[in-house]
Amino acid sequence: QIGSKVDLVIADIMMPEMDGIEFLSQLRRKHSDLPVLMLTSDRLESAEIRAVKTGCNGFVLKQKELNILLAWVCRLLEQPYLPAGPVDFEHSSIQ
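Residue indices follow the written sequence of each chain, beginning from 1 at its first position. Only residues with pLDDT of 70 or above have their local features reported here, since the model is predicted, and side-chain atom pairs are shown and tallied only from 80 upward, although totals for entire chains, interfaces and linings are computed over all residues. Only hydrogens and water are set aside; all other atoms, that is, all heavy atoms of the structure, feed into the side-chain values.

Caption draft 1: Up close: the overall build of the chain. To qualify as a helix, a DSSP run of H or I must reach at least 4 residues; to qualify as a strand, a run of E must reach at least 2; elements of each kind are numbered from the N terminus. Scanning the chain for helices and strands turns up 3 helices and 3 strands. From first element to last, N terminus to C terminus, the chain shows the α and β order β-α-β-α-β-α. Exposure classes here rest on a 1.4 Å probe applied to the protein chains alone. A residue is buried below 20% of its type maximum, exposed above 50%, and partly exposed in between. The burial tally for the chain puts 34% of its 95 residues in the buried class. Looking at the chain alone, contacts between residues at least 24 apart form 42% of all its contacts between residues at least 6 apart. Per-residue and other accessible areas were derived by the Shrake-Rupley procedure at a 1.4 Å probe size, with only the shown protein chains allowed to occlude residues. For the chain, the computed accessible surface area is about 6,800 Å², with 54% contributed by carbon and sulfur atoms. Contact criterion: two residues are considered in contact whenever any of their non-hydrogen atoms come within 4.5 Å of each other.

In structure tokens, the structure reads:
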């Protein structure tokens, strides 16, 4: 819904128009308190360090860390963590 409050931003490090670090930097100038999770397909320590220094709240490896992503989302949205194992999104409380 247009005009709704944003509770959490999930952004990729690699984006077509600008990289995720630049996006995060611009976002932080306007929304310093908005939780942001950064995703990447490559575990580059330098990218993770830059993201943390720029103000991301969490950093997740896309292909292998779905449970970590869900744990971060739940924590940042102050929801109970889902149990480990396969996630049934159809019956999950995650919207």
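Caption draft 2: Structural view of the sheet that holds strand β3 (residues 58-61). Two strands form a pair only when DSSP identifies at least two bridges running between them. One open sheet accounts for 3 strands, arranged β1-β2-β3; its pairing is parallel. Of all the strands in the sheet, just β1 (9-12) and β3 have a single pairing partner and so form its edges. The mean inter-strand angle of the sheet, taken between neighbouring strand axes irrespective of direction, is 25°. For strand β2 (residues 36-40) and β3, the ladder comprises 4 bridges, and the chain directions are parallel. Within the sheet, the bridge partner assigned to Met 38 lies in β3 and is Phe 59. Helix-sheet contacts for helix α3 (residues 66-76) involve β1, β2 and β3, and the interaxial angle to β2 is about 170°. To get an axis, fit a line to the C-alpha atoms, keeping to the stretch in contact for a helix; angles then go from 0 to 180 degrees between the N-to-C directions.

Caption draft 3: The arrangement of α3 in detail. For α3, the full list of buried residues reads Leu 69, Leu 70, Val 73, Cys 74 and Leu 76. Tucked inside the fold, the buried residues of α3 contact β1, β2 and β3. One or two steps after α3, the chain reaches Glu 78, where phi turns positive at roughly 55°.

Caption draft 4: A look at the confidence of the model for the chain. Here the chain averages 77 in pLDDT, and 76% of its residues register 70 or above. Mean pLDDT across the elements of the chain ranges from a minimum in α3, with 79, to a maximum in helix α1 (residues 20-30), with 91. pLDDT gives the predictor's per-residue confidence on a scale running from 0 to 100. Low pLDDT (under 50) marks residues 82-89, which in the prediction has 11 contacts with non-local residues, meaning those over four places away or in another chain.

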